[in-house]
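Chain residues, written in single-letter form:
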Amino acid sequence: MAKILIVTTGLTGILHASFEMTRRLTEAGHTVKLAAPRPVGDRVGEQGYAFAELPEIAVDPASILPSSKSRLGRMWLRFRDRKARRAAALEAYRPAAFERLLSEFDPGLTLIDIELHEYIFAAYGAGRNFALLSQWYSTWRRPGLPYLLTETTPGEGAEGSPEAIGAYWDSVKAQRRRMFDKMARLSFGTDRRSVLLALADEYGFPRRLIGENWWPGVFTYAELPAISMSPLEMEFPHDPRPGLTYVGPMVHTNRKEATATSQRGKKLEELLGSAKQAGRRVIVVTVSTLLSGDAGFLKNLIEAVRRRPDWTVVLALGGNLSAGSFGNLPDNVHVFSWLPQLQALAAADLSINHAGIHTIHECIHFGVPQLVYSGKRSDQPGCAARVHYHGIGRKKDKDTATPEDIRTAIEEVLSNLAYRERTGAMRSACAAYAEQGILERTVLQLLQPTKQTTPDGNRTL
């Protein structure tokens, strides 16, 4: 079998998903190595997988200008030193460590996170066989498919019409172009996008393969082969872009997770066990990316469940909030700074979450209906809209929710069996990806890439 290199940003969600991808490909007989420009080697090592740490990517590689200078003075320095600054920025962007890794490990296939443009260009320049790796629902513009960063649902309201969806894409495209042009002018060609284009040219990466992006990052690639670690069944109806293969959610149930103790000193497993024994419904609340300004929403949520002793609420705060923000907690609310999410969801009757895509997929894996209060950041609005559209939960607004609203929404999702039934159906659809070996079959196909010549006739994709 083949050597496969999986390169991600190393952020928690996609890192955990890459663990499951590694497990499946290893069991299929491949030799797999993970890599990321973050110091996550210990976490990878805990799972028993090989890892290569790459240098941190410089988002703004140009040298920092003296803060003592006026705005006009800094502009003059940018102009005067533009060639030297651009050369330094380009040098900072050359992924030498990644190129060495490719040479030393010599993979038959490299899967590269769609956000890591430097590595995409370098893999092409080195003549390597590679494909893009996405953790998101489709970020590509397709007829009738809303922009992922909105809650727009096809066919719902004026904004859900095909014309309105297309017009919104056009407006975002125009806005992004203005922003990119302004950054290039003000930096005299030392902004990230300009330097990346120069790097692409250096590696001989065809400009025709680079498209302006809306999110994430600055570029997209409509013709390169791509893998999506999400299920097509959770998308809005549309014709996926050519070369994009959905391999289903990657939920690594063997993930090593530490034990968790609540602010009152109670262990999670004991709380979950006693709740089930007493016949109480378990509600798991994970809102780790909500900010301190969202403390009001959590206070309303706590009030919503205060008089429901038949509900056991397990609340994970993450790093942005503290239990002291909420005063005297009711006996049925147990606050944790961090939760082993897989353990909690395995016992949950309901998940209240912020619409993170990996949490959504883990809820589906365990058959847990959801009440989604989008954090309204990045792709969370689009993820929340999909949960609502497919009927595996309800989408609500954290900024307008009152305790009464939240309590009513919880009661609805817990009491209406249709949510659990639809979640079960989605769970079966997602499980089919693993049962049918879609990932493994896709990788075998990518190991023998389709011949597509570039304009110069010297390369294949």
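Everything below is about the structure shown above.
> How should I be thinking about the environment of asparagine 254 in this particular structure?
One can find asparagine 254 in the loop between strand S9 (244–246) and helix H9 (268–277). Spatially, the C-alpha atom of asparagine 254 lies 45 Å from that of alanine 174, the residues being 80 residues apart in sequence. Ignoring sequence-local partners within four residues, the contact set of asparagine 254 consists of Arg23 and Gln47.

> Can you help me understand the sheet that holds strand S12 (residues 333–336) in this one?
Through backbone hydrogen bonds, the strands of a sheet pair up, either in parallel or in antiparallel fashion. Spatially, S12-S11-S10-S13-S14-S15 is the arrangement adopted by the 6 strands of the open sheet, whose pairing is parallel. The open sheet has two edge strands with one neighbour each: S12 and strand S15 (393–396). Taken over all neighbouring pairs, the strand axes of this sheet differ in orientation by 15° on average, direction set aside. Bridging between strand S10 (residues 281–286) and strand S13 (residues 350–353) involves 4 bridges; their strand directions are parallel.

> I would appreciate a short explanation of the nonpolar core in the present structure.
Side chains of nonpolar character tend, in soluble globular proteins, to be buried together. Residues Met21, Phe98, Phe121 and Phe205 are the most contacted members of the largest nonpolar core, which totals 91 residues. With residues up to four places along the chain from it excluded, the contact list for phenylalanine 205 reads Ile120, Phe121, Tyr124, Ala200, Ile210, Tyr221 and Leu224. Among the nonpolar cores identified, the runner-up in size contains 29 residues, and Val305, Leu329, Val333 and Leu371 belong to it.

> Looking at this model, I keep getting lost on the pattern of salt bridges. Mind explaining?
Pairs can form between side chains of opposite charge once their charged atoms are near each other. In this structure the tally under the stated criterion is 26 salt bridges. Note that arginine 142 is salt-bridged to aspartate 239, the shortest N-O span being 3.5 Å. Linking arginine 142 in the loop between strand S5 (130–134) and helix H7 (162–187) with aspartate 239 in the loop between strand S8 (226–228) and S9, this pair joins segments that are 97 residues apart in sequence. For aspartate 239, a relative accessible area of 53% translates into the label exposed. Its salt-bridge partner being aspartate 399, residue lysine 376 comes within 2.7 Å of it at the nearest N-O pair. With lysine 376 in the loop between strand S14 (370–373) and helix H13 (380–389) and aspartate 399 in the loop between S15 and helix H14 (403–415), this residue pair connects regions lying 23 residues apart in the sequence. The class for lysine 376 is partly exposed, based on a relative accessible area of 39%. A network of salt bridges, in which partner residues are shared, links Glu20, Arg23, Arg24 and Glu27.

> Help me out: how do you make sense of the sheet that holds strand S1 (residues 3–7) in this one?
Reading across from one edge, S3-S2-S1-S4-S5-S8-S9 is the order of the 7 strands in this open sheet, with parallel pairing throughout. Unpaired on one side and paired on the other, strand S3 (50–53) and S9 mark the two borders of the sheet. Adjacent strand axes in the sheet meet at a mean angle of 25° when their direction is disregarded. In this structure, S1 lies alongside strand S4 (residues 109–113), joined through 4 bridges in parallel fashion. Among the inter-strand pairings, leucine 5 is bridged to a residue of S4, identified as threonine 110. Sitting on the sheet, helix H5 (residues 96–105) touches S1, strand S2 (31–36), S3 and S4, and the angle it makes with S1 is about 160°.

> Honestly, the side chain of glutamine 380 in this entry has me stumped. Any pointers?
Residue position: glutamine 380 is located in helix H13. By relative accessible area, glutamine 380 is classed as buried at 7%. Of the polar contacts made by the side chain of glutamine 380, one reaches the backbone nitrogen of lysine 376; its length is 3.2 Å.

> Honestly, the pairing of S2 in this entry has me stumped. Any pointers?
Regular strands place their side chains on alternate faces of the sheet. Strand direction decides the pairing type here: S1 and S2, joined by 5 bridges, are parallel. By the bridge assignment, isoleucine 4 is partnered in S2 with valine 32. Note on the crossover from S2 through helix H2 (residues 41–46) to S3: the handedness is right-handed.

> Where do I start with empty space enclosed by the protein in this structure?
One simple way to see leftover space: roll a probe sized like a water molecule over the atoms. Taken as a whole and assessed by the stated rule, the structure comprises 2 cavities of 30 Å³ or more. Its volume calculated, the largest cavity comes out at about 50 Å³. Looking at the lining of the largest cavity, its residues break down into 6 nonpolar, 3 polar and no charged. Of the pockets and cavities examined, the second largest cavity occupies roughly 30 Å³. Every residue lining the second largest cavity is listed: Thr139, Tyr147, Leu148, Trp169, Trp214 and Trp215. Residues belonging to the lining of the second largest cavity are distributed by class as follows: 5 nonpolar, 1 polar and no charged.

> Just to check I follow, could you spell out the packing of aromatic side chains for this structure?
Aromatic rings in a pair are described by how distant their centres are and how their planes are angled relative to each other. Following the criterion strictly, the structure yields 14 aromatic pairs and no others. Between phenylalanine 19 and tyrosine 49, the aromatic rings sit 6.3 Å apart at their centres with planes inclined by 45°, giving tilted as the arrangement. In this pair, phenylalanine 19 sits in helix H1 (residues 12–27) while tyrosine 49 sits in the loop between H2 and S3, placing the two residues 30 residues apart along the sequence. A relative accessible area of 1% means that phenylalanine 19 is categorised as buried.

> Mind showing me how you'd approach the pairing of S5 here?
In terms of burial, S5 is largely enclosed, as 5 of its 5 residues are buried. Pairing geometry for S4 and S5, over 4 bridges, is parallel. Looking at the pairing, isoleucine 112 lines up with leucine 132 of S5. Two elements, S5 and S8, share 3 bridges in a ladder whose sense is parallel. Looking at the pairing, leucine 133 lines up with isoleucine 227 of S8.

> Could you clarify how one ought to interpret the side chain of arginine 24 in this entry?
Tracing the chain through its elements places arginine 24 in helix H1. Apart from residues lying up to four places away in sequence, arginine 24 is in contact with Val247, Pro249, Met250, Ala434, Leu439 and Glu440.

Reading the values: rules and limits
- Residues numbered from 1 in each chain as written.
- Predicted model: local features only at pLDDT ≥ 70, side-chain atom pairs only at ≥ 80, totals over all residues.
- Heavy atoms only, no water.
- Helix = DSSP H or I, 4+ residues; strand = E, 2+ residues; numbered from the N terminus.
- Contact = heavy atoms within 4.5 Å.
- Pairing = 2+ DSSP bridges.
- Axes fitted to C-alpha atoms, helices over the stretch in contact; angles between N-to-C directions.
- Core = buried A, V, L, I, M, F, W, Y, C linked by side-chain atoms within 4.5 Å.
- Buried < 20%, exposed > 50% of the residue type's maximum accessible area, 1.4 Å probe, protein only.
- Salt bridge = Lys/Arg side-chain N within 4 Å of Asp/Glu carboxyl O.
- Polar contact = N/O pair within 3.5 Å; in protein donor to acceptor, adjacent residues only side chain to side chain.
- Right-handed = clockwise from strand over helix to strand, strands pointing away.
- 1 Å grid on protein atoms, 1.4 Å probe; cavity = no way out; pocket = protein on both sides within 12 Å on 5 of 7 lines; lining within 4 Å.
- Points joined across faces, edges and corners; volume = space filled by probe spheres on them.
- Nonpolar A, V, L, I, M, F, W, Y, C, P; charged D, E, K, R; others polar.
- Phe/Tyr/Trp six-rings, centres within 6.5 Å; stacked < 30°, edge-to-face > 60°.

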